[in-house]
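# Working through the structure, step by step
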Amino acid sequence: VTITTRLLVSHLSGIRHYEKDITKVKEEKEKANRALKLTKSPQDKEQKEKEGKGIEKTDCVKQKKEHDSETKSRNSKPGRNDKEFEQEEYYLKEKFESVIESLKIFKNDPLFFKPGSQFLYSTYGFTLLSAVVERASGQKFTDYMLKMFRDLDMLSTVLDDNEAMIYNRARCYIYNKKGRLVNAPYVDNSYKWAGGGFLSSVGDLLKFGNALLYSYQAGQFKNRNGKLLPGYLKPGTVAMMWTPVPKTEVSWDRDGKYAMAWAVVEKNQQYGCCRQQRHYASHTGGAVGASSVLLILPEELDPEALGTWPVAPPRGVIVTIICNMQSVSLNSTALKIAKEFDKEKRAQ
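Residues numbered from 1 in each chain as written. Predicted model: local features only at pLDDT ≥ 70, side-chain atom pairs only at ≥ 80, totals over all residues. Heavy atoms only, no water.

As recorded in an unreviewed UniProt entry, the chain goes by the name LACTB protein, listed as coming from Certhia brachydactyla.

This is the structure:
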């Protein structure tokens, strides 16, 4: 078979994640599909009610669903029922000197499916991707990334190295089997630098989000007499990264698809004065004792006004949340925050 970097970056390679048993992976996928069908039926019914009985009842149903969801979220203790973190490879303590060396963890394991045929989120797919970067650049992946972080002015973003003295390093927590808050166990993340091996700050992630949003929008603005600097990436590159890829899915937003290392929800509205999807890109992060999200909500630009606007890109809202608790769902919270700020900007 052939595995390309595009397949790796969109999790279509067939390389396993932490679960080694393909039967269990298939069972979990079937459960998720059944749950999705069950949630779709009430939505279809709600749509019919909306068309026949007006907006008021729809708003009530929507508010009730949101209230029930929030109540359920508040009453559940994060980290207690998450099977994902039962996988023993999350807790590896071996130190790897290079990403090439860390490939030994999974390089002899069979592929779960033919590359390109199915979606399976795989941290190890990104480990292989980092090995490609290491060979292509001719330098260690970690050195390559740290130089890039410096270019982006992300000076607080570093390797999650247990031995290093890192200023303001947070202590991480989990719930134990009795539901009590305890310190997260010791792990060494040198086996997965690309898929979860960096420490950062809210400020640095905002810089990263703004650099991407600037790059995405820079091509839409007129050059402003040569005063508009180019983005860190070409506009077409970011547009490609934020274009949904067929056969993919996103666990943290069912309206979205996976693109290239990002989850993307496309702009969509089927009926007037009804539910509207805004275009945004996001990614969540989950590690032993920590959770995070970075969400980018681009402003909907008016092509006619771009040449006269006094303000250059980036135009939009960036939301990032980092917390030192395991298995905390943050994407929906980040999206609500982004929409509130966007609403405020529109009102001004």
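Strand order in the open sheet made by the five strands is β5-β6-β7-β8-β9, with antiparallel pairing throughout. Sheet topology places β5 (257–258) and β9 (316–323) at the edges, where each strand pairs with a single neighbour. Here seven bridges tie strand β7 (residues 280–287) to strand β8 (residues 290–298), and the two strands are oriented antiparallel to one another. Looking at the pairing, G285 lines up with S292 of β8. (Pairing = 2+ DSSP bridges. Helix = DSSP H or I, 4+ residues; strand = E, 2+ residues; numbered from the N terminus.)

Side chains of residues three or four places apart in an α-helix project in the same direction, reflecting 3.6 residues per turn. Under the 1.5 Å per step criterion, the end-to-end length of helix α5 (residues 123–137) is 21 Å for 15 residues, consistent within 8% with the ideal 21 Å. Buried within α5 are the following residues: T123, Y124, G125, F126, T127, L129, S130, A131 and E134. Taken together, the buried residues of α5 touch α1 (5–9), α4 (99–102), α6 (141–151) and α7 (193–196). The N-cap residue of α5 is S122: its side-chain oxygen and the backbone nitrogen of Y124 are 3.4 Å apart. (Expected span 1.5 Å × (residues − 1). Buried < 20%, exposed > 50% of the residue type's maximum accessible area, 1.4 Å probe, protein only. Contact = heavy atoms within 4.5 Å. Polar contact = N/O pair within 3.5 Å; in protein donor to acceptor, adjacent residues only side chain to side chain.)

Moving on: α6. Buried residues of α6: F141, T142, M145 and F149, and no others. The buried residues of α6 all sit within an arc of 90° when viewed along its axis, so they share a single face. α6 presents K147 and R150 as exposed residues on the side facing more than 90 degrees away from its buried surface. Turning to α6, the residues buried within the fold contact α4, α5, β1 (158–159), α7 and β4 (198–199). Positive phi shows up at D153, right after α6, with a value of about 65°. (Arc of directions from axis to C-beta.)

Pairing analysis gives three bridges linking strand β6 (residues 263–265) to β7, with the strands arranged antiparallel. Looking at the pairing, V265 lines up with Y280 of β7. Where β7 folds back onto β8 in an antiparallel hairpin, the turn is made up of two residues, including G289, whose phi is positive at roughly 85°.

A few words now on the confidence of the model for the chain. This prediction gives the chain a mean pLDDT of 86; 83% of its residues lie at or above 70. For the stretch residues 47–81, pLDDT sits under 50, and the model shows 29 contacts to residues farther than four places along the chain or on other chains. (pLDDT = per-residue confidence, 0-100.)

What follows covers the pattern of salt bridges. Within this structure, the stated rule accounts for 16 salt bridges. Where R169 meets D160, a salt bridge forms, and the shortest distance between an N and an O atom there is 3.3 Å. You can call R169 partly exposed: its relative accessible area is 31%. Each member of the salt-bridge network shares a partner with another, and the members are R16, K20, E89 and D109. (Salt bridge = Lys/Arg side-chain N within 4 Å of Asp/Glu carboxyl O.)

Residues Y124, L212, W242, W262 and I296 are the most contacted members of the largest nonpolar core, which totals 41 residues. Looking at this core, the elements with two or more residues in it are α1, α5, α6, α8 (202–218), α9 (235–241) and β8. It is α8 that contributes the most residues to this core, five residues altogether. Two domains each provide a minimum of three residues to this core, namely domain 1 (1–34 + 80–176 + 184–196) and domain 2 (200–347). Once residues within four sequence positions are removed from consideration, W262 is found in contact with F208, L212, M241, W242, K257, A281, S282, H283, L294 and I296. In terms of nonpolar packing, the next biggest core, distinct from the first, is built from 14 residues, V319, A334, L335 and A338 among them. (Core = buried A, V, L, I, M, F, W, Y, C linked by side-chain atoms within 4.5 Å. Domains from an automatic or database assignment.)

Before going further, it helps to spend a moment on a nonpolar patch on the surface. Side chains of V1, I3 and L111 sit close together on the surface and give an oily, nonpolar patch of about 270 Å² of accessible area. Assignment of secondary structure puts V1 in the segment before α1. (Patch = residues over 30% accessible without salt bridge, like charges linked within 9 Å, V, L, I, M, F, W, Y side chains within 5 Å. Areas by Shrake-Rupley, 256 points an atom, 1.4 Å probe, with all protein chains shown as cover.)

Another point: the pairing of β9. With six of eight residues buried, β9 is to be regarded as a mostly interior element. Relative to β9, β8 runs antiparallel, the two being bridged by eight bridges. Paired with V293 across the two strands is I321, which belongs to β9.

With omega at 5°, the peptide bond leading from P313 into P314 counts as cis. Secondary-structure assignment places P314 in the loop between β8 and β9. One non-glycine residue with positive phi stands out, namely A261, at about 70°. As for its placement among the helices and strands, A261 is situated in the loop between β5 and β6. What makes A261 partly exposed here is its relative accessible area of 25%.

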